[in-house]
Amino acid sequence: MSTAAAEHVPGHASAGGVAARARGLTKAYGSGETTVLALDSVDVDIARGRFTAVMGPSGSGKSTLMHCLAGLDSVSAGQVWLGDTEITGLKDRELTRLRRDRIGFMFQSFNLIPTLNAAENITLPMDIAGKKPDEKWLDQVIDTLGLRDRLKHRPSQLSGGQQQRVACARALASRPELIFADEPTGNLDSRAGLEVLAFLREAVDSLGQTVVMVTHDPGAAAHSDLVLFLGDGRIVDEMERPTAEAVLERMRLFTGGNPQTPGFDVIRSQFDESAAPAEED
Ligand SMILES: Nc1ncnc2c1ncn2[C@@H]1O[C@H](COP(=O)(O)OP(=O)(O)OP(=O)(O)O)[C@@H](O)[C@H]1O
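Residues numbered from 1 in each chain as written. Predicted model: local features only at pLDDT ≥ 70, side-chain atom pairs only at ≥ 80, totals over all residues. Heavy atoms only, no water.

Looking up the chain in an unreviewed UniProt entry gives the name ABC transporter ATP-binding protein, with the organism given as Streptomyces longisporus.

What follows is the structure, given as structure tokens:
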């Protein structure tokens, strides 16, 4: 049975509109008996000017969702839009250009070029694209991220937190419509991780950016405006103004780690008619 278009779509549109949107987004890997349904007909709106976190158990489809929304991976069915542009169906070259011009990426491994200094790493994607950075914006990003006195340093001369800040500045440099961050604090100690989260928050609050972050960490998710919870390739819940405690509690339901969690099956069954009760010990 299909979901009526007027029904609630996870993610909400804000007054600022929708930065990315998916309808019926389905992604299957493999074929025949070995098919894995990584995303199962996902509808989602990513609100512009907000910080959205994506959480869920390992294998629930978080990275796949991010990759499909960012046009890094093809979809098996459904549609994805970036702003008003439908990206499903675009040719590889068009997708590459769209990603380059309109999306910023932050990955767990910072992907900094060791032979380039911080300033060169920050502007590298724009240099490759042959685009001149907006110097005023770039200055603002560099100062916001506290990188002014590190610009001549190479990655090996920077701490992990500073490297991640460079990666953050690089994602922001071209003032993208949307920033995707995949476990951006995964490799950092807690202080550096907190710094990066504060900067992502700042990018949203002060610079008006839109951020989507995949994370396993309830503490990290607490920095977002909205948490989307994935389970078995579906968005099974969402939480506005999350706190670490509330997110942790919700995650316990998903993992079945807490024996007093019959609610998990209730939540699942709301979204998945075929969900059988979990047979946990
Ligand atoms: N390239 C691929 N080929 C086959 N299966 C894949 C591929 N990528 C992902 N999958 C499968 O799709 C499902 C969703 O994977 P995905 O990486 O999106 O999950 P995740 O929630 O990001 O997991 P994690 O938290 O462990 O990173 C998993 O069952 C995974 O094994």
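### Concerning the sheet that holds strand β2 (residues 36-47)
Spatially, the 4 strands line up as an open sheet ordered β2-β1-β4-β5, and their pairing is antiparallel. Unpaired on one side and paired on the other, β2 and β5 (85-86) mark the two borders of the sheet. By the bridge criterion, 5 bridges tie strand β1 (residues 18-29) to strand β4 (residues 77-82) in an arrangement that is antiparallel. Considered in β4, the bridge of alanine 22 is made with valine 80. Relative to the sheet, helix α1 (residues 62-69) contacts β1, β2 and β4, its axis offset from that of β2 by approximately 60 degrees. (Pairing = 2+ DSSP bridges. Helix = DSSP H or I, 4+ residues; strand = E, 2+ residues; numbered from the N terminus. Contact = heavy atoms within 4.5 Å. Axes fitted to C-alpha atoms, helices over the stretch in contact; angles between N-to-C directions.)

### Quick word on the environment of glutamate 177
Its place among the elements puts glutamate 177 in the loop between α5 (160-173) and β7 (178-182). Looking at glutamate 177, the relative accessible area reads 26%, which means it is partly exposed. A C-alpha to C-alpha distance of 5.3 Å links glutamate 177 and arginine 102, two positions 75 residues apart in sequence. If we ignore the near neighbours within four places in the chain, the residues touching glutamate 177 are Ala19, Arg48, Leu82, Gly83, Arg102 and Thr210. Within the structure, glutamate 177 has its side chain in polar contact with the side chain of arginine 102 (distance 2.6 Å). (Buried < 20%, exposed > 50% of the residue type's maximum accessible area, 1.4 Å probe, protein only. Polar contact = N/O pair within 3.5 Å; in protein donor to acceptor, adjacent residues only side chain to side chain.)

### So, the packing of aromatic side chains
Scanning all chains against the criterion turns up 1 aromatic pair. Where phenylalanine 105 meets phenylalanine 180, the ring centres are 6.2 Å apart and the plane angle is 25 degrees; that geometry is what we call stacked. Residue phenylalanine 105 is found in strand β6 (residues 103-106), and its partner phenylalanine 180 is found in strand β7; the two are separated by 75 residues along the sequence. Neither residue differs from the other here; phenylalanine 105 and phenylalanine 180 are each classed as buried. Across from the ring centre of tryptophan 81, 4.2 Å away, lies the NZ or CZ of arginine 21, which sits over that ring. (Phe/Tyr/Trp six-rings, centres within 6.5 Å; stacked < 30°, edge-to-face > 60°. Lys NZ or Arg CZ within 6 Å of the ring centre and 35° of its normal.)

### Observations concerning unusual backbone geometry
In this structure, aspartate 232 takes a positive phi of about 50 degrees despite not being glycine. With respect to the helices and strands, aspartate 232 occurs in the loop between β9 (226-231) and β10 (234-240). We note that arginine 241 has phi near 40 degrees; this positive angle belongs to a residue other than glycine. Relative to the elements of secondary structure, arginine 241 occurs in the loop between β10 and α8 (244-255). We classify arginine 241 as exposed; its relative accessible area is 71%.

### A closer look at the site of the ligand
For the ligand, the full set of nearby residues is Tyr29, Val36, Ala38, Pro57, Ser58, Gly59, Ser60, Gly61, Lys62, Ser63, Thr64 and His216. Taking threonine 64, its side chain carries an N or O atom lying 2.5 Å from an oxygen atom of the ligand. For the ligand, the accessible surface in isolation is 630 Å², of which the surrounding protein chains cover 58%. Those elements that place two or more of their residues in the shell around the ligand are β2 and α1. (Near = heavy atom within 4 Å. Areas by Shrake-Rupley, 256 points an atom, 1.4 Å probe, with all protein chains shown as cover.)

### Quick notes on helix α3 (residues 118-129)
Those residues of α3 not exposed but buried are Ala118, Asn121, Ile122, Thr123, Met126 and Ala129. Residues of α3 that are buried make contact with α2 (92-102), α4 (135-144) and α5. One side-chain oxygen of the residue at the start of α3 lies 3.1 Å from the amide nitrogen of alanine 119, identifying that residue as asparagine 117. Glycine 130 sits one or two residues past α3 and shows a positive phi near 70 degrees.

### Examining the side chain of threonine 88
Within the secondary structure, threonine 88 is located in the loop between β5 and α2. The buried category is assigned to threonine 88, whose relative accessible area is 18%. Only 3.1 Å separates the side chain of threonine 88 from the backbone nitrogen of valine 80, close enough to count as a polar contact. A polar contact of 2.9 Å, which involves the side chain of threonine 88, links it to the side chain of glutamate 86. Leave out the neighbours within four places in its chain, and threonine 88 touches Val75, Gly78, Gln79 and Val80.

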